Amino acid sequence: MTSTKVELAHRASANAAALYRGRAWWVDRVAQGVVFLGGLSAIVFILSIFIFVAKEGLGFMVADLNIKEFLTSPEWRPTEDSPTYGILALMAGTASVTGLAMLIAVPFSLGAAIYIGEFATGKTREVLKVLVELLAAIPSVVWGFIGLSIMNPLIMELFDVPVGLNVLNAGVILGLMAAPIMTTIAEDALKAVPDSYREAAEALGATRWQVIFKVVLPSAKKGLVAAILLGVGRGFGETMAVLMATGHAINLPTSPFDSVCAMTATIAAELGETAQGSPHYQVLFAIGISLFLITFVINMAADVFVRGGLRMRSKKA
Amino acid sequence: MAIETKGLSLWYGDFQALFDVDLSVREGQITSMIGPSGCGKSTFLRTINRINERHSYVRTEGGVEVFGEDVMAEDVELVQVRKQIGMVFQRPNALPISIRENVLFGLKLHSTKKMSRAKQDDEVEKALRRVLLWDTVKDRLGDVATSLSLEEQQKLCIARLLPMKPRVLLMDEPCSALDPKATSAVEDLIWELRGEYTILIVTHNMAQARRASDECIFMLMGKVIEHTKTEEMFLTPGHQETADYIEGRYG
């Protein structure tokens, strides 16, 4: 009996290092904690932003603001004696500029992504990828400057209009700004399509275009929608370039040559000149909340579209 | 002869994977290719339908004839080559579309005018019946093909070749991702297709080569060492290397 006990004790002490928590365990624990905090911080920050914006604007929005006027009136006169807070013109400005920007950016960025992802090889591909990423890194104020100093006279001359700071100018600038990041995301989506799909289609006799249109693009649909959404989000959220290139005149646009005023640009231009807590200050936050809601709705719609599309496909016989 | 190669050499960049390969594959039979990993058997297979050319660093020399037609000729259309020569891959690569659309995929690529619904249904049923899959999937033809089991997916991958009426089927280790039961089911199917199609099958599995082929090709280091009837190769191999490989002394 003693001999086995002694032997067991002996073995236990020999294995002690392996059995009990050592340095690796603690490192693992700490690393896990740090990563967890990192993940948590994202949620905390988003929530804080949301709470802050809501605190500044939501009370006013619910209690004092005439929501109907807010949404349907094009009269934005916050500084008059009897102010009107209608953001219809601002929403129209943002929507028209973003819409035009997407008309320009979507075909360009999808085309670029398809070329980089499916056709370009070797050096060409590397150089193009670096260039696209470089384009994405240009600060928006530089784009705004291009809009002011290059596009403005160009549009006046080309189209013979009195002002070159308008929907067209801002839309083109915003399109160029959004295209690089959309290209990068779209190309990632194409790259995520397993090569075995392409090989299968090619072995069945598909040409390159058939492979892309019938296999690659449908498989990457989700990522491509995400890329477009990111562009739309960029359009809605962009401030500086839009402020500089739209002309910043409150206006319901009827042609691309009308100057407009975007929601974001209004906040940026006016927030510094309002007294904190004043109705004007609070209504600007209400515009912020509206931006939040619009982005949220667009994201939801896209999500439903992508999921719904998948379900329909699997049900169709 | 269904497939004939003359002096076929192939390079991946600077690495030569095939050396002067002369092979003839008989019509209507199952010919298996065996050899250790990296001996060039898959490469050879992938040269027949020219799918190797997807990679720009591949260079090929020599001739490949399929039913007397030069596949490598300049004015040959790859689409036509691949219509005649179907290929099944190592991992089942059913496309992420419905089962029905998978079967019709090749057909739709090649037909210029629209097929009637009834004709399509007919083609789908015929192909799926041929691969013994019809009864299991007939009620869920609209399901995404990637939801099937691997065995079913591999059968589907064979089925979608058939509507194009290929004369040659190339199979690159078609059972390597399958469990033993599924392997034997797919093997039975391949045996079942014998005669109607000329089948060239690459395998790592010696027992499979022995069970499921008429002729056998043994390759080593990019060269063909031996090509005889399967029974002959396994009973009386003509080369020491063949004997060693078959007995599992290397691999």
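You'll find the structure just up there.
Keep in mind it's a predicted model, so treat the numbers as computed, not measured. (Residues numbered from 1 in each chain as written. Chains lettered and ligands numbered in written order. Predicted model: local features only at pLDDT ≥ 70, side-chain atom pairs only at ≥ 80, totals over all residues. Heavy atoms only, no water.)

Caption draft 1: Looking closely at helix α4 (residues 117-130) of chain B. All names here are of chain B. Taking 1.5 Å per residue, 14 residues should reach 20 Å; α4 reaches 20 Å between its end C-alpha atoms and fits that length. Among the residues making up α4, those that are buried are Q120, E123, V124, A127 and L128. Looking straight down α4, one finds its buried side chains confined to an arc of 120°; they lie on one side. Packing partners of the buried residues in α4 comprise α3 (99-110), α5 (134-137) and α6 (150-159). (Helix = DSSP H or I, 4+ residues; strand = E, 2+ residues; numbered from the N terminus. Expected span 1.5 Å × (residues − 1). Buried < 20%, exposed > 50% of the residue type's maximum accessible area, 1.4 Å probe, protein only. Arc of directions from axis to C-beta. Contact = heavy atoms within 4.5 Å.)

Caption draft 2: Expanded view of the sheet that holds strand β1 (residues 3-12) of chain B. All names here are of chain B. What the 4 strands build is an open sheet, ordered β2-β1-β4-β5; its pairing is antiparallel. The sheet is open, and its two borders are formed by β2 (15-25) and β5 (69-70), each paired with just one other strand. Pairing of β1 with strand β4 (residues 58-66), which is carried by 8 bridges, proceeds in the antiparallel orientation. By the bridge assignment, E4 is partnered in β4 with E65. (Pairing = 2+ DSSP bridges.)

Caption draft 3: Fine view of the interface of chain A and chain B. Taken together, the contact pairs 22 residues of chain A with 26 residues of chain B. Both sides together, the interface formed by chain A and chain B hides about 2100 Å², and carbon and sulfur atoms give 60% of it. Along the contact surface separating chain A from chain B lie 5 salt bridges. A salt bridge links B:R54 to A:E199; its shortest N-O distance comes to 3.7 Å. For the pair chain A and chain B, the number of links is 5 residue pairs in polar contact (both at pLDDT 80 or more). Listing elements by their share of the side of chain A that touches chain B, those giving two or more residues are α8 (195-203), α9 (208-219) and α13 (279-315) of chain A. Along the lines of polarity and charge, the residues of the side of chain A that touches chain B split into 8 nonpolar, 6 polar and 8 charged. (Buried area = accessible area lost by both parts, 1.4 Å probe. Salt bridge = Lys/Arg side-chain N within 4 Å of Asp/Glu carboxyl O. Polar contact = N/O pair within 3.5 Å; in protein donor to acceptor, adjacent residues only side chain to side chain. Nonpolar A, V, L, I, M, F, W, Y, C, P; charged D, E, K, R; others polar.)

Caption draft 4: Main features of the state of the cysteines. Residue and element names in this part refer to chain B. Overall, the coordinates contain 0 disulfides over all chains when judged by the stated rule. Cysteine C39 shares no disulfide, and the gap to the nearest cysteine sulfur, in C216, comes to 11 Å. Free of any disulfide, C157 has its nearest neighbouring cysteine sulfur in C175, separated by 12 Å. The class for C157 is buried, based on a relative accessible area of 2%. (Disulfide = S-S within 2.5 Å.)

Caption draft 5: Geometry of the sheet that holds strand β10 (residues 223-229) of chain B. All names here are of chain B. In spatial order, the strands read β6-β7-β8-β3-β9-β10; together these 6 strands make up an open sheet with mixed pairing. This sheet does not close on itself; its edge strands, each paired only once, are β6 (85-88) and β10. On average, each strand axis in the sheet is tilted by 15° relative to the strand beside it, whichever way the strands run. Inspection of the sheet shows strand β9 (residues 215-220) paired to β10 by 6 bridges, in the antiparallel sense. Pairing of C216 across the sheet is with T228, part of β10. Sitting on the sheet, helix α1 (residues 41-48) touches β3 (30-34), β6, β7 (168-172), β8 (198-202) and β9, and the angle it makes with β7 is about 150°. (Axes fitted to C-alpha atoms, helices over the stretch in contact; angles between N-to-C directions.)

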